[in-house]
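Coordinate inspection notes
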Amino acid sequence: MAGKMLETIDEAMRAHVLVPAQEMEKLGKASQPVLTRAEGIYVYAEDGRRLIDGPAGMWCAQVGYGRREIVDAIAHQAMVLPYASPWYMATSPAARLAEKIASLTPGDLNRVFFTTGGSTAVDSALRFSEFYNNVLGRPQKKRIIVRYDGYHGSTALTAACTGRTGNWPNFDIRQDRISFLSSPNPRHAGNRSQEAFLDDLVREFEDRIEELGADTIAAFLAEPILASGGVIIPPQGYHARFKAVCEKHDILYISDEVVTGFGRCGEWFASEKVFGVVPDIITFAKGVTSGYVPLGGLAISERVLARVSGANAKGSWFTNGYTYNNHPVACAAALANIELMEREGIVDHARDMAGYFASALASLRDLPGVAETRSVGLVGCVQCLLDPSRADGNAEDKAFTLKVDERCFELGLIVRPLGDLCVISPPLVITRAQIDDMVAILARAIAEVGAAHGLKAKDPAAV
């Protein structure tokens, strides 16, 4: 086929592109919808249909599509200085962006390390925990505590920290350094109150530390909400109590805000103002550029850095880096994105829309097949179970939900399929009327697919 151009985008994709979630039996056979352009909260398919982008790309299109300010910033920086070696040269976009992000982070998280995306941001945070303990003379303090249902990336180390067990087959990712705690999914509380459930989760953490030895544990890594694990919102007070345990045992608390950062939960960062915790490290990506170009990073506490820098450095070098650290074009895009968000009050708008979004999703609860809706800020989901009394779905529930997702697409809405969940995290610029449009499509899709499965309308008294 060398030297011959294929006729269509679909043909070229099937012949040459290996996609991120590739079912290998269908390699070269399965097609993906082809998008041709985007504007606002909408994307347009090859056949001309307009679709609401329900997942905001991949939790990232905060300001929506077609924002001239970001495009112009990218073009200008690419013309004047598209690249500079991060090892030897400084540029204005990286310096100004780090300064700006430091003004938005909680506590003393004022030192910023830029990477290429979310996976490399989390990987770098974990590598810093290795460096940190080696400099402190604690080479045995390297274990990482994570949660089932968590997601942290696709590098070898971050994949090993990911508790979505469906990602594990066919990869050699289990490591002795990684220890998994129970998912903080409130639906797993059973007959316990949420307070008792939280007490048990904290007790499990404390017991695990005692079992492994605090002197072997470097970090606790946690998303504020377990996004890709199913928009799981831990019981109130969860993060603050876990941070207190970390402080007691000199364990770094790393908050993975790749999804929740930059306005998604109605704050620039969700850790402190939404979930009541000031971490030692925050990782970010996605919304920092609204997805216009790749960029990630982490912000580190000055208090933590003081223990391994200056007079305490012991001759050490933090030699973790990438060709595209501090990339000037990406940093220029992020600066323009943040300036746009501030000028238009987009984070405040997201906070204002959160209650309406939650209520709109909740209106779906009386539909047959809907077990639960949940949200924080502008990230939420609808859990579809043929038997709503179950805590988690089975294969039939997942097939049912996939049919709902497919019907949504036919009706003009992209929904992220995630097992038995319809996940919605729209661009932060969405309006009330657009939320209504989105939920109306969801309602119709759920009702139609439910009827095809023979589901009966719920008894209003039981809802």
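Note: the structure precedes this text.
Residues numbered from 1 in each chain as written. Predicted model: local features only at pLDDT ≥ 70, side-chain atom pairs only at ≥ 80, totals over all residues. Heavy atoms only, no water.

**Section: a nonpolar patch on the surface**
A cluster of nonpolar residues, Leu18, Met24 and Leu27, forms a patch on the protein surface that exposes about 320 Å² of accessible area. By secondary structure assignment, the location of Leu18 is in the loop between α1 (9-16) and β1 (35-39). (Patch = residues over 30% accessible without salt bridge, like charges linked within 9 Å, V, L, I, M, F, W, Y side chains within 5 Å. Areas by Shrake-Rupley, 256 points an atom, 1.4 Å probe, with all protein chains shown as cover. Salt bridge = Lys/Arg side-chain N within 4 Å of Asp/Glu carboxyl O. Helix = DSSP H or I, 4+ residues; strand = E, 2+ residues; numbered from the N terminus.)

**What to know about helix α11 (residues 328-343)**
Taking 1.5 Å of rise per residue, the 16 residues of α11 would be expected to cover 22 Å, and the 22 Å separating its terminal C-alpha atoms lies within 8% of that figure. Of all the 16 residues making up α11, 13 are buried; the element is thus mostly covered by neighbouring parts of the structure. Remark: Gly345 follows α11 within two positions and exhibits a positive phi of approximately 60°. (Expected span 1.5 Å × (residues − 1). Buried < 20%, exposed > 50% of the residue type's maximum accessible area, 1.4 Å probe, protein only.)

**So, the packing of helix α7 (residues 194-212) against helix α8 (residues 238-248)**
Where α7 meets α8, the axes come as close as 10 Å, and the angle between the chain directions of the two elements is 20°. One way to sum up the angle between α7 and α8 is to call them roughly parallel. For the pair α7 and α8, the crossing hand works out as right-handed. Residues Leu198, Asp199, Leu201, Val202, Phe205, Glu206 and Ile209 of α7 form the contact with α8, whose own contacting residues are Tyr238, Arg241, Phe242, Val245 and Cys246. (Axes fitted to C-alpha atoms, helices over the stretch in contact; angles between N-to-C directions. Parallel < 35°, antiparallel > 145°, perpendicular 65-115°, else oblique. Left-handed = near helix turned anticlockwise from the far one by under 90°. Contact = heavy atoms within 4.5 Å.)

**Re the packing of aromatic side chains**
For the structure shown, the criterion picks out 19 aromatic pairs. Note on Phe269 and Phe284: the rings are 6.4 Å apart at their centroids and 65° apart in plane angle, and the pair reads as edge-to-face. Taken together, the residues span a long stretch of sequence, with Phe269 in the loop between β8 (252-256) and α9 (270-275) and Phe284 in strand β9 (residues 281-284) at a distance of 15 residues. By relative accessible area, which is 0% here, Phe284 ends up buried. An aromatic cluster is present here, built from Phe113, Phe128, Phe131, Tyr132 and Phe318 joined pairwise through their rings. In this structure, Arg37 packs its charged tip against the face of Tyr44, placed 3.8 Å from the ring centre. The aromatic ring of Tyr42 is capped on one face by Arg50, whose charged end is 3.9 Å from the ring centroid. (Phe/Tyr/Trp six-rings, centres within 6.5 Å; stacked < 30°, edge-to-face > 60°. Lys NZ or Arg CZ within 6 Å of the ring centre and 35° of its normal.)

**Digging into the sheet that holds strand β13 (residues 413-414)**
Spatial ordering of the open sheet is given by β1-β2-β3-β13, a layout of 4 strands whose pairing is mixed. Taken across any chain shown, the strands that pair with only one partner, and hence form the sheet edges, are β1 and β13. Direction of pairing for strand β3 (residues 50-53) relative to β13: parallel, over a ladder of 2 bridges. Looking at the pairing, Asp53 lines up with Ile414 of β13. Contacts from helix α14 (residues 432-452) reach β2 (42-45), β3 and β13 within the one sheet, and its direction differs from that of β3 by about 100°. (Pairing = 2+ DSSP bridges.)

**Looking at the nonpolar core**
Core analysis: the largest hydrophobic core is formed by 65 residues, its most contacted members being Leu97, Ile101, Phe114, Val382, Leu413 and Leu442. Per-element accounting of this core gives the leading share, 10 residues, to α11. Those residues in contact with Ile101, other than ones at most four positions away along the chain, are Val112, Phe114, Phe262, Phe269, Phe284, Val288 and Ile338. Grouped together as the second largest cluster of nonpolar side chains are 32 residues, Tyr132, Ile144, Ala160 and Ala285 included. (Core = buried A, V, L, I, M, F, W, Y, C linked by side-chain atoms within 4.5 Å.)

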